[in-house]
Every structure is written in structure tokens, then in C-alpha cells.
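Okay, here's what each chain looks like letter by letter:
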Amino acid sequence: MAALLVKIALLGILDALAVYAVFILVGLHQWVAVVVTVLITGLINWIYLGRGKRLPAKYLTPGVIFLVVFQVFVVLFSGYIAFTNYSDGHNSTKEDAVNSIIQVAEKRVADSPAYQLSVLESGGTYSFLLTDPKGEVTIGSADQPLRPAPDAKLDSTGKAVGLDGYTTLNLSQILANQAAITAVRVPLSDDPSAGALRTDDANAAYVYRSNLTYDAKADTFTDADGVVYVNSGKGSFATADGSKTLSPGWKVDVGIANFVKAFTNEQISGPLWRVIVWTFAFAILSVLATFALGLFLAIVLNHPTLRGKKFYRVLVILPYAFPAFLSGLVWAGLLNPQFGFVNQVIFGGADIPWLTDPWLARFSVILVNLWLGYPYMFLVCTGALQSLPEELDEAARVDGASPWRAFRSIKLPLLLVSVAPLLIASFAFNFNNFNVIYMLTRGWPRFTDTTFDIGSTDLLITMVYKVAFGQGGARDYGLASALSILIFLLVAMVSIIAFRRTKALEEIN
């Protein structure tokens with residue numbers, strides 16, 4: 001009975017949230033999202049209110065929902081963004097862009113009458129209750145243009161000071177929210193070119209009108225000098241020759257323009273090829289180095305006559321216990337050329353530019369990643385070695401094989417049967433190893449032939465981060481998403497080839 005009540009309560013909460021979401025989506029005219037929400041909610045109710053054959057679905061549904069929300073949707077949305085111009089200045093709709101352009105160009109009308117103002121609040125939204133010089137009372141907010149307010153309360157001077165359903169702010173409340181109130185823009189009408197009322201002191205409001213006039217039929221802007229800005233078809237208004245562009249723009253589909261830009265734009269194409277080469281080199285060298293060191297330590301610490309194995313194994317896996325981003329910051333301090341422990345103590349005060357010279361920085365990154373990665377390979381190789389039959393060593397010794405020959409011809413091939421898939425996974429991980437690069441060097445030293453903040457130790461993933469979040473340039477989410485797709489294709493291609501090659505190892509068993 002208790003379980004049934006809990007189920008009904010949880011489904012009730014889910015349905016309530018779904019109804020709320022439907023109302024919001026209907027207001028935004030997101031009809032596809034409304035249909036999807038209704039269908040999914042109905043399906044979940046059908047699954048959990050039923051019996052018998054629906055039992056497996058009850059266990060699968062939560063996992064499927066999380067998979068769709070946090071994996072499938074993210075991948076599909078990122079793929080969609082890669083084919084748009086979504087970036088700084090192009091992150092909203094055309095309607096929002098038109099209104100924003102008008103607002104940015106607004107200036108106070110020189111002969112504007114002064115409207116007596118009372119600031120009202122309702123549901124967290126500020127409204128202006130206005131009394132014009134003729135005594136007419138109107139009310140409006142940022143979302144609703146001016147409209148008559150005949151039921152407003154007037155003081156002895158005839159100024160409107162209140163309205164039912166609203167709270168009139170006093171002086172202390174106005175001062176506490178001064179920035180938000182002075183930012184309110186109340187449109188005079190539904191026509192954005194008609195102007196708006198704004199205030200500087202919350203006591204009087206004045207008419208502000210844009211220097212740019214928007215013609216909805218022609219889809220053009222005209223400034224005070226008669227210069228016409230037309231829809232460029234690229235998500236912005238620009239002059240016919242393209243010499244001037246109004247900001248902001250809006251999000252539009254651009255096809256494969258972001259992929260073309262990545263390989264043709266001089267500011268990014270040259271650094272991109274160098275970053276791709278370094279990303280492959282870093283991933284391959286990291287896998288080989290960590291596997292070699294991990295395997296060596298696993299062999300040494302797996303020797304039957306070695307004493308204190310448990311103590312040594314604990315010491316070996318200690319780097320694995322520290323968060324990678326924290327280790328990167330610690331190593332950045334250790335390798336500091338001026339006061340780092342490595343230069344000052346180990347090399348007797350030498351000035352070695354571990355993190356500022358391009359090649360030394362790359363070496364330092366691989367060295368630190370080796371320190372972070374070998375414990376994982378040690379654990380993997382230790383488990384694989386202990387699973388090998390002891391009879392193999394005895395048979396090799398009987399046949400007169402040396403320890404090295406026995407390892408190279410017998411143990412290593414058998415070891416690779418179980419370890420090869422993990423090496424491929426390690427390659428994919430290091431291909432996108434953001435923490436080590438960003439925390440240790442931030443991708444520096446920077447390249448000098450680009451305005452983007454891209455450097456000698458940047459991997460594709462850190463390059464995507466910098467492009468997406470505007471370090472050294474505007475935030476370009478469309479280009480960053482295109483580069484993310486490139487990363488996926490490269491990792492998928494290498495993984496497919498590697499897994500096909502590992503099929504040959506299956507014959508060893």
C-alpha cells in the first residue's frame with residue numbers, strides 16, 4: 001500500500017510539472033515540444049500504472065530518460081548548433097534582434113513632455129503609472145505597451161499614485177532597485193519604431209526614440225543620415241556593400257559554413273592543423289608511455305620473491321587518488337621557472353622554461369600525464385598478469401627460452417588480448433584530456449599567427465573550449481560545435497581501425 005501511494009505521489013508530481021511545462025511551451029508557441037511532452041508523460045503514466053508485461057519497462061524507463069536528456073539530446077543539439085551561426089551577437093530570434101537594435105539606438109527626444117511617474121510592482125515586474133501634462137493616466141511595462149488606466153488613484157495634485165492589483169514603491173524601495181527601474185523601457189505602442197518611455201530618477205519619464213527606423217514590409221533599417229541597412233541573409237542587417245553591420249544579429253542556419261571556416265579562415269586553419277597533429281601525438285605518446293611504465297612496475301611488483309608488495313603497490317597508485325585538475329595546478333607550481341621546486345632544488349636554481357618554451361611545454365605535459373596515468377595502467381596490467389597461467393613460465397623455461405623471449409613471445413601477446421580495448425579507451429580519453437592541458441599550461445605558449453587564444457600545447461578539446469567561450473575572440477558556439485563533430489569523427493575513425501586490428505589478437509586465445 002505504501003509503495004502504491006509513493007508511486008501515485010511521484011506520478012502526480014510528474015504530471016503537474018508536465019502541465020506547467022505545457023502552458024509555458026504553448027505561450028512560447030513551441031508546438032513540437034508540447035506534443036513531445038504530452039506523449040512522453042502519457043507513456044510514463046501508461047507504463048507505471050499498468051501491470052504484467054510492463055514490468056521490464058518500469059526499470060528501463062528512468063535510465064532511458066536520463067540517457068536521452070543527458071546524452072542523446074546534448075549530442076543532437078550540438079550537431080544542430082554546428083550548422084548555425086550561433087555566437088555572440090547571433091544568439092536570439094530576428095524579432096529580438098530588431099527590438100534590441102532599436103533600443104540601442106534610442107535617444108531622448110529633445111522636445112519630449114515630462115510624464116509624472118509612479119513606479120508600481122506586481123509579481124516581480126515593474127510598471128510605470130504615468131500622468132501626462134494633460135492629466136491623462138496610462139500604465140505600461142517592458143512587456144506591455146502603454147494603455148489607459150482610468151481607475152488609477154490620484155493625489156491632491158492630480159498625479160496618479162496607485163492602482164488596484166499593484167504595489168506602489170516608496171523611496172527606499174526605489175533606491176534599493178534603482179538599476180532595475182532605470183533599465184525599464186515602456187513601449188508607446190506595439191510599433192517598436194514609435195519609441196518608449198524611460199526614466200533616470202524614477203520621478204519623471206521622457207520619450208526616447210531610435211535614430212534607426214525599421215520598415216517591416218521592406219525588412220530594412222534606415223538611420224538619420226538616410227543609410228539603408230538590408231537583411232543580409234546571414235542573420236544581420238548590413239549596408240548593400242557590406243561595409244557596415246548593425247548589432248546584434250540573430251541565429252540562422254548556415255549549412256556547412258562553420259566547417260568551411262575551420263579549414264579556410266587564416267586565423268584558425270593554420271593553428272587547427274598544428275593542434276590536430278599535436279593532439280594525436282599527445283594521445284599516442286601518453287598511451288605508450290603510461291602503458292610501458294605501468295607494465296614495467298606491474299612485472300616488478302608481481303615478482304613472487306619481492307617483499308613488501310602491498311606497501312609498494314599503495315605508493316605506486318597514489319597519483320591515481322588525486323584529482324587530475326588539482327595535480328595539474330600543483331605541477332604548474334613545481335615547474336615554475338622562477339620559484340618552482342624542480343628548477344630551484346633539483347637543478348640548483350637553473351632557469352629552465354618548462355612551461356613557456358613550446359617543446360619543453362609539450363614534454364612537461366606528457367611527463368605530468370605520465371605521472372597521472374601510469375597507476376591506471378599498473379592496475380590493469382597487474383590484474384592481467386595475475387590471470388595468466390603459471391604453467392606458461394614453466395613451459396618456457398623447459399624449452400630454454402630466456403625471460404625476455406618468454407615475455408615478448410608469450411606473455412605480452414596474451415596480455416594484449418585483455419588490455420588492447422583498454423588502450424583504445426585510454427587513447428580516446430587522452431585525446432580529450434582537458435584537465436591536464438588547461439590546468440598545467442592553459443594551452444600556452446600561444447601561437448603568434450592568430451588572434452585566438454590557441455597555443456602549442458592546446459588539444460582539440462581545449463581549442464573548442466576557447467572558441468566556445470571567447471578567449472581571444474568572440475564566443476562562437478557554431479564553430480565550436482563543428483570542431484566537436486570533428487573530434488568525434490577522428491576518435492571514431494581511430495577506434496574503429498584499432499578495434500578491427502585487435503581482432504587478430506583473438507586468435508591467440
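The shown structure was predicted, so the numbers you read here are calculated from the model rather than taken from an experiment.

Quick notes on the rules
- Residues numbered from 1 in each chain as written.
- Predicted model: local features only at pLDDT ≥ 70, side-chain atom pairs only at ≥ 80, totals over all residues.
- Heavy atoms only, no water.
- Helix = DSSP H or I, 4+ residues; strand = E, 2+ residues; numbered from the N terminus.
- Rg over C-alpha atoms; globule rule 2.2 N^0.38 Å.
- Buried < 20%, exposed > 50% of the residue type's maximum accessible area, 1.4 Å probe, protein only.
- Contact = heavy atoms within 4.5 Å.
- Lys, Arg positive; Asp, Glu negative; His and termini not counted.
- Charge placed at Lys NZ, Arg CZ, Asp CG, Glu CD.
- Patch = residues over 30% accessible without salt bridge, like charges linked within 9 Å, V, L, I, M, F, W, Y side chains within 5 Å.
- Areas by Shrake-Rupley, 256 points an atom, 1.4 Å probe, with all protein chains shown as cover.
- Salt bridge = Lys/Arg side-chain N within 4 Å of Asp/Glu carboxyl O.
- Phe/Tyr/Trp six-rings, centres within 6.5 Å; stacked < 30°, edge-to-face > 60°.
- Pairing = 2+ DSSP bridges.
- Arc of directions from axis to C-beta.
- Polar contact = N/O pair within 3.5 Å; in protein donor to acceptor, adjacent residues only side chain to side chain.
- Axes fitted to C-alpha atoms, helices over the stretch in contact; angles between N-to-C directions.
- Parallel < 35°, antiparallel > 145°, perpendicular 65-115°, else oblique.
- Left-handed = near helix turned anticlockwise from the far one by under 90°.
- Nonpolar A, V, L, I, M, F, W, Y, C, P; charged D, E, K, R; others polar.

Considering the overall build of the chain
Within the chain, the secondary structure is distributed over 18 helices and 15 strands. The C-alpha atoms of the chain give a radius of gyration of 33 Å, which is well past the 23 Å a tight globule of 509 residues would have. Dimensions of the chain, computed from C-alpha atoms along their principal axes, come out at roughly 115 × 70 × 45 Å. Looking at the chain as a whole, 38% of its 509 residues are labelled buried. Within the chain, counting contacts between residues at least 6 apart in sequence, those at least 24 apart form 58% of the total. A distance of 11 Å separates the average location of the 37 positive side-chain charges in the chain from that of its 37 negative side-chain charges.

Quick word on a nonpolar patch on the surface
Taken together, the side chains of Leu 60, Val 64, Ile 65, Phe 66, Leu 67, Val 68, Val 69, Phe 70, Val 72 and Leu 76 make up a nonpolar region of the molecular surface, amounting to roughly 930 Å² of accessible area. Structurally, Val 69 can be placed in helix H3 (residues 55-81).

Points about the environment of Leu 169
Residue placement: Leu 169 occurs in the loop between strand S8 (167-168) and helix H5 (171-176). Under the relative-accessibility criterion, Leu 169 is labelled buried at 13%. Contacts of Leu 169, omitting those with residues within four sequence positions, involve Val 119, Glu 121, Tyr 126, Ile 174 and Ile 181.

Considering the packing of aromatic side chains
Per the stated rule, a full pass over the model turns up 23 aromatic pairs. Plain terms: the ring middles of Phe 83 and Phe 259 are 5.4 Å apart, the flat faces sit at 45° to each other, and that makes the pair tilted. On the criterion of sequence distance, the pair formed by Phe 83 in the loop between H3 and helix H4 (94-104) and Phe 259 in helix H7 (residues 257-264) is long-range, its members being 176 residues apart. Its relative accessible area of 23% is what places Phe 259 among the partly exposed residues. Each ring, one from Tyr 214 and one from Phe 237, has its centre 6.0 Å from the other, and the planes form 75°; the classification is edge-to-face.

Thoughts on the sheet that holds strand S15 (residues 237-238)
Spatially, four strands are ordered S12-S13-S14-S15 in an open sheet, and the strand pairing comes out antiparallel. Two strands close off the open sheet at either side, each with one partner strand: strand S12 (213-215) and S15.

A closer look at the environment of Ala 82
Along the chain, the position of Ala 82 falls in the loop between H3 and H4. Exposure remark for Ala 82: the relative accessible area of 0% places this residue in the buried category. Taking the C-alpha atoms as reference points, Ala 82 and Asp 241, 159 residues apart in sequence, are found 27 Å from one another.

So, H4
Taken together, the buried positions of H4 are occupied by Ala 97, Val 98, Ile 101 and Ile 102. The arc that holds the buried residues of H4, viewed along the axis, is 130°, so those residues lie on one side. Residues of H4 that are exposed and point over 90 degrees away from its buried face: Glu 95 and Val 104. On the buried face of H4, the contacting elements are strand S1 (106-108), strand S11 (204-210), S12, strand S13 (220-222) and S15.

Quick notes on the pairing of strand S3 (residues 125-131)
Along S3, six of the seven residues are buried, which leaves the element largely enclosed by surrounding structure. For strand S2 (residues 115-122) and S3, the ladder comprises seven bridges, and the chain directions are antiparallel. In the strand pairing of S3, Gln 116 is matched with Thr 131. Counted between consecutive antiparallel strands, the loop separating S2 from S3 contains two residues, among which Gly 123 sits at a positive phi close to 60°. Here S3 pairs with strand S4 (residues 137-141) via five bridges, running antiparallel. Within the sheet, the bridge partner assigned to Ser 127 lies in S4 and is Ser 141.

What to know about the side chain of Asn 258
Its location among the elements puts Asn 258 in helix H7. Here Asn 258 falls in the buried class, since its relative accessible area comes to 7%. A distance of 2.8 Å separates a polar atom in the side chain of Asn 258 from the backbone oxygen of Ala 82.

Some points on unusual backbone geometry
Between Ser 247 and the following residue, Pro 248, the backbone shows a cis peptide bond with an omega angle of 5°. Mapping Pro 248 onto the fold places it in the loop between S15 and H7. Following Trp 444, the chain continues to Pro 445 via a peptide bond in cis, the omega torsion being 5°. The phi dihedral of Ala 202 falls on the positive side, at around 60°, and the residue is not glycine. You can see Ala 202 is positioned in the loop between strand S10 (196-199) and S11.

Details of the pattern of salt bridges
Counted according to the given criterion, the structure contains 10 salt bridges. The salt bridge partner of Lys 94 is Asp 219, with a shortest N-O separation of 2.5 Å. Remark: Asp 219 occurs in the loop between S12 and S13 and Lys 94 occurs in helix H4; sequence separation between them is 125 residues. A salt bridge links Asp 164 to Lys 153; the shortest N-O distance between them is 3.7 Å. Of the two residues, Asp 164 is situated in the loop between strand S7 (160-162) and S8 and Lys 153 in strand S6 (residues 153-154); the sequence distance between them amounts to 11 residues. The class for Lys 153 is partly exposed, based on a relative accessible area of 48%. Overlapping salt bridges bring together Glu 106, Arg 185 and Arg 198 as one network.

What to know about the packing of helix H2 (residues 31-48) against H3
Two numbers describe how H2 lies on H3: the axes approach to 9 Å, and their chain directions differ by 150°. Classified by the interaxial angle, the pair formed by H2 and H3 is roughly antiparallel. For the pair H2 and H3, the sense of crossing is left-handed. In this structure, H2 uses Ile 44, Ile 47 and Tyr 48 to contact H3, whose residues at the interface are Ala 57, Lys 58, Thr 61, Pro 62 and Ile 65. Residues that form the contact of H2 with H3 fall into these classes: six nonpolar, one polar and one charged.

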